[in-house]
Structure formats: structure tokens, C-alpha cells
Amino acid sequence: MNSTAVTGHEAATHESEPGFYGTSWQKLMMWWFIIGDAILFGSFLAAYGFSRISAVNWPDRTQMFSLNFITVMTFTLITSSATMATAVAASRRGDRKAAFNFTMATAVGGLAFLGMQAYEWYHLIHNGARMDTNPWGAPAFGAYFFAITGFHGSHVASGVLILLITAWNAKRGKSGPEGVELTGLYWHFVDLVWVFVFGCFYLI
Amino acid sequence: MSDTHAAHVEASYRSYWIAWAILLVLTLVMISISTKAFLIGGILLKSVIIGAWFMHLKHERAILIWSVVAGILFAGFLFLVIHFDAGTSLL
């Protein structure tokens, strides 16, 4: 169901009339999905925020994380968002080759991000962080950290898969501008969630 | 809309990389300034840049923009309604 919308096979062959919202139904459904997903992450972060401000000894972020490393992760994801936006523009212009290249570049950025996140998890687990305990303070930290960054990471992982499918379809001309744009919307949303995760865990 | 389409695409290439540069600089500024109010402002500003430019919300109809904003506000509201029980003031 989702894959039809994402690959944009339908969109390439017959774009529907813009309705009340001024977009095709495919794009509107992607937006509805994004709003739902945003509320899901919002709930996670709200629970995290509550636990954090009510905890007596929340772990000190400077003790646990290497901010320089996380900044590189953030740059990677922001850059992949920019290449994705460029892929969408290229696809609209009818430049299939550029659409393919920039979508692939975006997927590489996503994979690099996942690799760095795996390293960060390894580092924290190695230092004793678990879902139910950690050496730095309130035990709830581990559950929130691994659940929220893990949930975001799984979004990145499925995003990479969608990007590869989109790149392949764009190259063969099966995925038109709107198909690439729908993938783009999802990818930018994943970047957007990271802005919040990055801010709430590593900066505040 | 299709008449201005080509010009719009040309302009958008540049605007995406300008948005990219702004996001990178904003990230660096946020790392060096750790006031809570400033960080929250920075997060919201980055969201607006990603939503408006990358996700093309600024080209969409007001009804779609407000539907999205309402969803995000609701997520924030979830935190606001429960945070009083934590016994700590927010800012």
C-alpha cells in the first residue's frame, strides 16, 4: 500500500486533480502519515521530558556523549536532506540521471548516519548503559535514550530502503517527480525528528 | 503554476543549499550557546526551515500548512499538560 505511494507508479502515470488541500491525494496521505508519526515522536519526547525534569539525578550529558561526534552525525543527516531536495528538483526538471545520483547520495548519507549511530550505541553499551540501568544516574535514561534514538534509527533504516527503491525507479523512469517528492517528504521528516532528538538529548 | 515551474525549479536548487548552510551554521551556534530558551528557539527555527524549504510547505495551501502546524502543536501540548506534575518549572 505504502510502496505504491512511495514509488509513485500511480503518480507517474496519472496525477490526480488537486482537491481541497491543493495537492494530489498521494501527497496528502504522506502528509497525514507524517503528522501521525510526528505525534508519536512528540509523545515519546513528552514522556522523556517529564521523566527528566522530575528525576533527581538525571545523567549529565557531557559525561556520556561526545558532542563533536554527534555534531558530525547531525551534519551528515542535514546534508542528506539537502541532496534529497536537490534530487526532487532534478526529477521535476526531468533530469533522471541527476535524480538517481542525488537520491543515491542521500541513501549513502543515511547509511553513514546509521553506521555512526551503531558506533555510538556500542560505545554507550560498552560503558555500561542498558535499558534499565546506567552508571551515570537515573535508570530511566537508558530506556528513553535507546527507545527514542532506536525508533528514529529504524526510520532512517527504512528510509534508506525507500531511497534505494526510489533511485532505481527514477532511473528507469518508473517513478516520476511526485514519487521522488513523496520519498523526499519522508526523508526530510526523518531529518526533522533528528533536530528534536539532537536538541532534547544532546544539547539541553 | 506550470508556466512558472521551470523558473521555480532553477531558483529552488540554490535555495536548498542556502537552507543547508543556514542549518549547519545554526547547529554550530546551538552547540556553543546552551541557554535553554535559546536552544528551544533554535530547534523550532530549524523545523521551520526544513518544513518550509525542504518539504515545500511554503508553496502549499494554508489549510495544509495549518493542518501540519496543528499536529506539531498537539505534540508540544502533550508535554505542557503533564509537565506541571513533575514539580519543576519549565524554563
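Keep in mind the model is a prediction, meaning the values are calculated, not measured. (Residues numbered from 1 in each chain as written. Chains lettered and ligands numbered in written order. Predicted model: local features only at pLDDT ≥ 70, side-chain atom pairs only at ≥ 80, totals over all residues. Heavy atoms only, no water.)

**Observations regarding helix α3 (residues 62-83) of chain B**
So, point 1. Over its 22 residues, α3 of chain B extends 31 Å from the first C-alpha to the last, a length consistent with the 32 Å expected when each residue adds 1.5 Å.
So, point 2. For α3 of chain B, the complete set of buried residues consists of Leu64, Ser67, Val68, Gly71, Ala75, Phe79 and His83 of chain B.
So, point 3. In this fold, the buried residues of α3 of chain B make contact with α3 (25-54) of chain A. (Helix = DSSP H or I, 4+ residues; strand = E, 2+ residues; numbered from the N terminus. Expected span 1.5 Å × (residues − 1). Buried < 20%, exposed > 50% of the residue type's maximum accessible area, 1.4 Å probe, protein only. Contact = heavy atoms within 4.5 Å.)

**Brief notes about a nonpolar patch on the surface**
So, point 1. Together, Phe74, Phe77, Val81 and Ile82 of chain B make up a nonpolar patch on the protein surface, roughly 340 Å² of accessible area in all.
So, point 2. Following the sequence through the fold, Val81 of chain B ends up in helix α3. (Patch = residues over 30% accessible without salt bridge, like charges linked within 9 Å, V, L, I, M, F, W, Y side chains within 5 Å. Areas by Shrake-Rupley, 256 points an atom, 1.4 Å probe, with all protein chains shown as cover. Salt bridge = Lys/Arg side-chain N within 4 Å of Asp/Glu carboxyl O.)

**Quick notes on the layout of surface pockets**
Rolling a probe over the atoms, with the probe sized like a water molecule, indicates the empty space that remains.
So, point 1. Taken as a whole, the largest pocket encloses approximately 1400 Å³ of empty space.
So, point 2. Elements supplying a minimum of two residues to the lining of the largest pocket: α3 and α8 (177-203) of chain A together with α2 (36-54) and α3 of chain B.
So, point 3. Sorting elements by how many residues they give to the lining of the largest pocket places α3 of chain A first, with 12 residues.
So, point 4. Per-class residue counts for the lining of the largest pocket are 34 nonpolar, five polar and three charged. (1 Å grid on protein atoms, 1.4 Å probe; cavity = no way out; pocket = protein on both sides within 12 Å on 5 of 7 lines; lining within 4 Å. Points joined across faces, edges and corners; volume = space filled by probe spheres on them. Nonpolar A, V, L, I, M, F, W, Y, C, P; charged D, E, K, R; others polar.)

**Overview of the interface of chain A and chain B**
So, point 1. At the interface, 49 residues of chain A touch 44 residues of chain B.
So, point 2. Taken together, both faces of the contact between chain A and chain B bury some 4200 Å²; the carbon and sulfur share is 78%.
So, point 3. When residues of chain A are sorted by the area they lose upon contact with chain B, Trp31, Ile53 and Arg92 of chain A head the list and together hold 15% of the total.
So, point 4. When the shortest N-O distance is used, the salt bridge between Lys27 of chain A and Glu60 of chain B registers 2.8 Å.
So, point 5. If you look at where chain A meets chain B, you find eight residue pairs in polar contact (both at pLDDT 80 or more).
So, point 6. Where the side of chain A that touches chain B is concerned, the elements lending two or more residues are α3, α5 (67-93) and α8 of chain A.
So, point 7. Element by element, the count of residues in the side of chain A that touches chain B is highest for α5 of chain A, at 16 residues. (Buried area = accessible area lost by both parts, 1.4 Å probe. Polar contact = N/O pair within 3.5 Å; in protein donor to acceptor, adjacent residues only side chain to side chain.)

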